[in-house]
Amino acid sequence: MGLTGLEIFKQLPKTNCKDCGQPTCLAFAMALAGGKASLDQCPHVSDAAKEALDSASAPPIALVKIGTGENALELGNETVLFRHDKRFEHMTGIAVSVCDTMSADEITAKVEQINKLVFDRVGQTHKVNLVAVGNCSNDAGKFAEAVKAADAKSVFPLVLMSEDPAAIEKALEIVAAKKPLVCCANAANVEAMTNLAKKFDVPMVVKGADLNELAALVEKVVGMGHKQIILDSGAREVNKVLADQTQLRRQALKKFRPFGYPAIAVADNKDAFQAVVDAGVYIAKYAAIVVIDSADPADVLPLVTLRLNVYTDPQKPIAVESKIYEVGNVNDNSPVYITTNFSLTYFCVAGDVESSRVPGYILPVDTDGISVMTGWAAGKFTPEKITELLQTSGIADKVKHRKVIIPGGVAVLSGKLQELSNWEVLVGPRESAGIASFLKQRWL
Amino acid sequence: MAVTIAKERWTSKVNELVLGAEPNAIKVGGDGTLPFLFFEGDMPNRPVVALEVCDMEPAEWPDILKEAYAGVLGDPVAWAKKCVEYGADLVCLRLNSAHPDNKNASPEDCAKTAKAVADAISVPMIVVGCGVEEKDAEIMPAVGEALAGKVALLGCATPNNYKTMTAACMVNGHSIIASSPLDINLAKQLNILITEMGLAANRIAIDPLVGALGYGIEYAYSIMERSRLGALTGDKMLAMPVVCFVGQEAWKAKEAKASRDETPEWGDQARRAILWEVMTATTFAQASGAIFVLRHPDSMKQFNAHVAKMMEPVKY
Ligand code: B12
Ligand code: SF4
């Protein structure tokens, strides 16, 4: 990361022995700089050179893992300030909190609700990631009980939220094997907490009263030999969190080492609505983990959606394969819909065809993953391409009729399409949500 | 351990755009920093909200939205007054009746409506046409004239109609909304064309044709971030405040329209719908939006509460 070929070359043996598969050491250095080779392919680098190159090539923000199994979470490895520069790598983990002042039954009920915060979007499953257990009671015994209750039900890894090492130790004795996140070490408890995190080999949040204290604490923790760190600047109001998160990200990219870790933000605004809004800001602005209190799907769906949007690779829209999709129990009389292979577009249409309760075939044209109107404006959603799909997909063997429904937004295509394909073209509604009522008028 | 705060030294600012006439004028823009980063620059004006008013009863608005304007939906003057009562900084009048598929209303009718609304309220106005470029070019000269002296923001200018639209603004002292589909070069190009006609750069607002949360928000977000970086580093043709037509996009989303019965796994509809509009807006505020056209008064309230907090400067 960031090293030029020449800088790398200086550290190599310069013998041109070709053992790495490259003709010269310089060629190998160039390949390494371009990310096309890895250092271990050269068997001859000295240990000193290896260390120098490794730390220089380490990502500006360390990768930290929480949890085990299929719901384990990876955070960090970010390399940019703006998503248009490259892309954001690891989606913000969403943690929903429970408190140890709740009864075991209440905790169980809320965790069950959290487990259900799973949403289908553009053909992918999107869910929350963590259950945060708060030591609101300040009682180590109650905390351990709550952790036990949450752990029994949660499909997600836990965040152990207590600043009391005694409480954390009790909790870790129960769940350490599942690699929960300890939250947190602060100026008062840093040694005890770090020792626990080391002993149980779990990631830990380091919280400062401000950025200066945070940097000092991180150096201390790293000095004690613990590197699985998540940063908390201590800010809780949205304007302060924005400023601090911006600083943390900028400093990390400038390779200020104490801030080279993912960061957590806690959206604990007393106004429950504003708390969701704040959490949205944290997702857009660099938080690797955001903690919220609400398990209401009406609150979580917008956050999960925003996270998906912000973390989408700006170079590569999410696309579906261009082929015949069958929705429901289709037969040879079922309607045939044309759309584009932009995931969002396809899944809007698929959802609406499904809710029309009339089984149908959907044929997304390959528009390089762009929407109907964008595809049309860019010349990628054309009568020629639709005709080709009608002819080569095999749809003609699946239906007896020769009627095809196109999106209302591209009504202008219908004449040419009819001429080229010899299919009767029905212009559908502009929004796929209108498909059900369209069918009632024009199909059934 | 003292951390050296990382501050960018920006060389330029966003233009300050004046909306409305004294004593009710408001200003937007003027930022010398990325949004809300007071530690490295000024943000003299907070983002403002316009509530939307249509000149004919909107057919496709969901009930949650209609309920907020019960009794005034057929009357743009009463509707606009209601918006002011709710506390809107601006009113955005949308002349849907001009659309050839609707009433194909004449320029005179549109001008009459616009004048009636403007005379009934004290807050500044945005007036946008029906979205058909040729038709908007027909009605805006009349609308501009009827609102002479009110210093309104008129739109939306596109490469196909900007000449007439710009002229309508110039002769009557209004400012203009320049629309371009999510493309920084197209936005710049249109601003150049408009300023070349003689309209001052500080009388233009950029409309990047935003998409809603879940429906292309990320494209507009990145285009807005890039424009702001351009503005702060000296690109005069990107230094315009950005207007975000959030309401029309957010209330099209299935997540705002589907009832709890249709999608029980999505929770309460009203909560979800308002959040959809608010989070679309607050996310754009982080990317540099300056004027937000919203629909629901509760969304406005929540958005303003959030913005008030964001406007409390944090300096290190
Ligand atoms: C995001 C976006 C982009 C993104 C592309 C994102 C993507 N992956 O598609 C980017 C920034 C890349 C882009 C670029 C361009 N864009 Co663009 N873009 C948009 C935007 C904001 C949203 C599009 C979107 O994702 N909609 C959501 C999807 C789900 O909608 P949809 O595919 O249309 O599907 C809906 C309906 O069509 C219908 N439907 C779909 N399929 C079917 C099938 C049937 C049978 C039925 C009945 C209905 C139906 O239901 C769906 C849900 O409602 C729109 C403006 C807007 N707010 O809508 C402009 C818009 C589509 N873009 C436009 C233009 C002009 C362009 C560019 C040509 C401009 C340029 N910069 O050169 C480029 C072309 C890109 C290229 N060369 O590849 C114009 C098109 C104008 C026109 N009427 O022709 C629009 C409308 C903006 C505008 N008002 O001017 N764009
Ligand atoms: S293996 Fe190492 S020493 Fe040999 S050529 Fe490659 S880089 Fe040079």
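Residues numbered from 1 in each chain as written. Chains lettered and ligands numbered in written order. Predicted model: local features only at pLDDT ≥ 70, side-chain atom pairs only at ≥ 80, totals over all residues. Heavy atoms only, no water.

### Regarding the site of ligand 1
Spelled out, the test is: Each residue is tested against the molecule or strand, and it is near if at least one of its non-hydrogen atoms lies within 4 Å. For this analysis, a polar contact is any N or O atom pair within 3.5 Å, provided that within protein one partner can donate a hydrogen and the other can accept it, and provided that sequence-adjacent residues contribute only side-chain to side-chain pairs. What counts as a helix is a DSSP run of H or I of at least four residues, what counts as a strand is a run of E of at least two, and both are numbered from the N terminus. Charged means Asp, Glu, Lys or Arg here, nonpolar means Ala, Val, Leu, Ile, Met, Phe, Trp, Tyr, Cys or Pro, and polar covers whatever is left, Gly included.
Looking at ligand 1, there are 36 residues lining it, with T339, T345, S371 and E431 of chain A together with D183 of chain B nearest. In this structure, an oxygen atom belonging to ligand 1 sits 2.6 Å away from a side-chain N or O atom of T345 of chain A. A distance of 2.8 Å separates a nitrogen atom of ligand 1 from a polar side-chain atom of D183 of chain B. Those elements that provide at least two residues to the shell around ligand 1 are β14 (336-340), α12 (343-355), α13 (372-377) and β16 (403-406) of chain A. Ranked by the residues each element gives to the shell around ligand 1, the list is headed by α13 of chain A, at five residues. Per-class residue counts for the shell around ligand 1 are 24 nonpolar, seven polar and five charged.

### Comments concerning the side chain of N189 of chain A
All names here are of chain A. Cut-off, in case you're wondering: Whether a residue is buried, partly exposed or exposed follows from its accessible area with a 1.4 Å probe, protein chains only, as a fraction of its type maximum: under 20%, in between, or over 50%, in that order. By definition in these notes, contact holds between two residues if any of their heavy atoms fall within 4.5 Å.
With respect to the helices and strands, the residue N189 is situated in the loop between β8 (181-185) and α7 (190-200). Residue class for N189 comes out buried when judged on its relative accessible area of 7%. Reaching out from N189, the side chain makes a polar contact with the backbone nitrogen of N186 at a distance of 2.7 Å. If we skip the residues at most four places from it in the chain, N189 touches E163, P165 and C184.

### Quick word on the confidence of the model for chain B
For clarity, the cut-off: For every residue, the predictor assigns a confidence score, pLDDT, that lies between 0 and 100.
Summary statistics for chain B give a mean pLDDT of 96 and a share of 100% for residues scoring 70 or more. This complex was scored by the predictor with a pTM of 0.88 and an ipTM of 0.92.

### A short note on the packing of α7 of chain A against helix α8 (residues 211-223) of chain A
All names here are of chain A. Inclusion rule: Simply put, an axis is a line fit to the C-alpha atoms, just over the touching stretch for a helix, and the angle between two N-to-C directions goes from 0 to 180 degrees. Each angle receives one of four descriptions, namely roughly parallel if under 35 degrees, roughly antiparallel if over 145, roughly perpendicular if within 65 to 115, and oblique otherwise. Crossing handedness is defined as follows: a turn of the near helix away from the far one that is anticlockwise and smaller than a right angle gives a left-handed crossing, while the clockwise case is right-handed.
Contact geometry of α7 with α8 gives a least axis separation of 10 Å together with a crossing angle of 45 degrees. When the axes of α7 and α8 are compared, the pair comes out oblique. Seen along the crossing, α7 lies across α8 with a hand that is right-handed. For the pair formed by α7 and α8, the contact residues are V190, E191 and T194 on the first element and L217, K220 and V221 on the second.

### A closer look at the interface of chain A and chain B
Test applied: Once two parts are put together, the accessible area they lose, assessed with a 1.4 Å probe and summed over both, is termed the buried area. The rule for a salt bridge is simple: a side-chain nitrogen of Lys or Arg has to be within 4 Å of a carboxyl oxygen of Asp or Glu.
In this complex, chain A contributes 52 residues to the contact, which on the side of chain B involves 51 residues. Taken together, both faces of the contact between chain A and chain B bury some 4,400 Å²; the carbon and sulfur share is 64%. At the junction of chain A with chain B, the criterion picks out five salt bridges. Between K285 of chain A and E225 of chain B there is a salt bridge, with its nearest N and O atoms 3.3 Å apart. There are 19 residue pairs in polar contact (both at pLDDT 80 or more) connecting chain A and chain B. Of all the elements in the fold, those that place two or more residues in the side of chain A that touches chain B are β4 (118-121), α8, α9 (238-253), α10 (272-284), α11 (297-310) and α12 of chain A.

### Notes on the pairing of strand β5 (residues 124-127) of chain A
Residues and elements named next belong to chain A. Cut-off, in case you're wondering: Whether two strands pair depends on DSSP finding at least two bridges between them.
As judged from the four bridges shared by β4 and β5, these two strands associate in the antiparallel manner. Its bridge partner being in β5, R121 is matched across the sheet by Q124. The antiparallel pairing of β4 with β5 creates a hairpin that spans two residues between the two strands, and V122 there sits at a positive phi of about 40 degrees.

### Focus on the state of the cysteines
Spelled out, the test is: The rule for a disulfide is simple: a pair of cysteine sulfur atoms within 2.5 Å.
Taken as a whole, this structure holds one disulfide over all chains when the rule is applied. Two residues share a disulfide in this structure: C99 of chain A and C136 of chain A, whose sulfurs sit 1.7 Å from each other. With the S-S dihedral at roughly -75 degrees, the linkage between C99 of chain A and C136 of chain A falls on the left-handed side. With C99 of chain A in strand β3 (residues 93-99) and C136 of chain A in the loop between β6 (130-134) and α5 (140-153), the pair connects residues that are 37 residues apart, well separated along the chain. Note on C54 of chain B: no disulfide assigned, nearest cysteine sulfur contributed by C92 of chain B at a separation of 8.6 Å.

### Let's talk about the layout of surface pockets
Residue and element names in this part refer to chain A. Short version of the rule: The method works on a 1 Å grid over the protein atoms by themselves. A cavity is a set of points holding a 1.4 Å probe that cannot get out, a pocket is an open set with protein on both sides within 12 Å along at least five of seven lines, and residues with an atom within 4 Å of a point line them. Grid points are joined across faces, edges and corners, and a volume is the space filled by probe spheres set on the points.
Volume-wise, the second largest pocket comes out at about 480 Å³. Taken together, 23 residues form the lining of the second largest pocket, with S97, G134, C136, M161 and V266 sitting closest to its centre. Going through the elements one at a time, β3, β8 and β12 (289-292) are the ones with two or more residues in the lining of the second largest pocket. Top contributing element to the lining of the second largest pocket by residue count: β3, with three residues. Across the lining of the second largest pocket, the residue classes break down as eleven nonpolar, five polar and seven charged.

### Here's the deal with the sheet that holds strand β7 (residues 158-161) of chain A
Residue and element names in this part refer to chain A. Pairing in this open sheet of eight strands is parallel, and the strands run β10-β9-β8-β7-β6-β3-β12-β11 from one edge to the other. The two strands at the open ends of the sheet, each matched to only one other strand, are β10 (229-232) and β11 (264-266). The sheet shows a mean angle of 25 degrees between the axes of neighbouring strands, taken without regard to direction. As judged from the four bridges shared by strand β9 (residues 204-207) and β10, these two strands associate in the parallel manner. Bridged to K207 within β10 is D232. On top of the sheet, helix α4 (residues 104-115) reaches β3 and β6; it is set at about 165 degrees to β3, its chief contact. Contacting β3 and β12, α11 crosses the sheet at an angle of about 155 degrees to β3.

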